[in-house]
Each structure stands twice: as structure tokens, then as C-alpha cells.
Amino acid sequence: MRFEIIDSDTLNKVEGWSDKLVKRIQVEMHNQGINASGRLSNSLEYTIEDNHVKVLADNYFLYAEKGRDKGKISYTFSTIL
């Protein structure tokens, strides 16, 4: 079943909750030391599409806490250093 939030009060509450969620994630990133430059934390945002709240961030967000799996080093690794 699909429905659309047309009540502005309900939409405001969902937006408020979503904003608090993003801010809470940012606080937890800071508390866990995953916010060195602040760039990743600042990239967090939310959208509401098709009645779903989506939290978006830079593409390396998933690796910030635990790192990435071992694997091949990129061809241009020396340029990273």
C-alpha cells in the first residue's frame, strides 16, 4: 500500500525526527573519533522520498567505523601517499 503524507503537521514531525537522527549520528561519529576533518559528518543529510526517510553521506561512510576488507591496493597507491 502506498500513501503520501499530505498533512503538513505529520510531515513536519517526520522532518524533525529525521533531522534529530542525522544530528545524533554526527554526535556518535564525534564521540567515537570518526570525525577527524568533519567532512564526512558534514556530508550527512536526509531526504524523504516515497514516504521513506533516506540518510545520505559520502560514499566512504560505510567504511569509516571498521575500515574496508583487505584487498588489492589500487594501481595509483603511491600517489595517495
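To start, this report covers the structure provided alongside it. For clarity, every value in this text was computed on a predicted model and none was experimentally measured. (Residues numbered from 1 in each chain as written. Predicted model: local features only at pLDDT ≥ 70, side-chain atom pairs only at ≥ 80, totals over all residues. Heavy atoms only, no water.)

Right, let's get into the overall build of the protein chain. Each helix and strand in the protein chain was counted, giving four helices and two strands. Here the protein chain holds 81 residues, and 11% of them are scored as buried. In the protein chain, of all internal contacts separated by at least 6 residues, the share reaching a separation of at least 24 is 40%. Looking at the protein chain as shown, the accessible area adds up to about 7,100 Å², and 53% of this sits on carbon and sulfur atoms. (Helix = DSSP H or I, 4+ residues; strand = E, 2+ residues; numbered from the N terminus. Buried < 20%, exposed > 50% of the residue type's maximum accessible area, 1.4 Å probe, protein only. Contact = heavy atoms within 4.5 Å. Areas by Shrake-Rupley, 256 points an atom, 1.4 Å probe, with all protein chains shown as cover.)

Looking now at a nonpolar patch on the surface. The grouping of Y60, F61, L62 and Y63 at the surface amounts to a nonpolar patch, some 420 Å² of accessible area in total. You can see L62 is positioned in helix α3 (residues 61–64). A relative accessible area of 71% means that L62 is categorised as exposed. (Patch = residues over 30% accessible without salt bridge, like charges linked within 9 Å, V, L, I, M, F, W, Y side chains within 5 Å. Salt bridge = Lys/Arg side-chain N within 4 Å of Asp/Glu carboxyl O.)

Right, let's talk about the pairing of strand β1 (residues 45–49) for a bit. Relative to strand β2 (residues 52–56), β1 runs antiparallel, the two sharing five bridges. Looking at β2, one finds that E45 is bridged to L56. Between β1 and β2, which pair antiparallel in sequence order, lie two residues; one of them, D50, sits at a positive phi of approximately 50°. (Pairing = 2+ DSSP bridges.)

For T47, the location among the structural elements is in strand β1. C-alpha separation for the pair T47 and D19, spaced 28 residues apart in sequence, amounts to 9.9 Å. Not counting residues up to four positions away in its chain, the partners in contact with T47 are H52, V53, K54 and L56. Within polar-contact distance, the side chain of T47 engages the side chain of E49 at 3.4 Å. (Polar contact = N/O pair within 3.5 Å; in protein donor to acceptor, adjacent residues only side chain to side chain.)

Let us look at the side chain of S18. Here S18 lies in helix α1 (residues 8–31). Those residues within four positions of S18 in sequence are excluded, and the remaining contacts are Y46 and V53.

Right, let's get into the nonpolar core. Residues V22, M29, I34, L40 and L44 constitute the largest nonpolar core, which totals five residues. Excluding residues within four positions of it along the chain, L44 makes contact with V22, I25, Q26, M29, V55, L56, A57 and F61. (Core = buried A, V, L, I, M, F, W, Y, C linked by side-chain atoms within 4.5 Å.)

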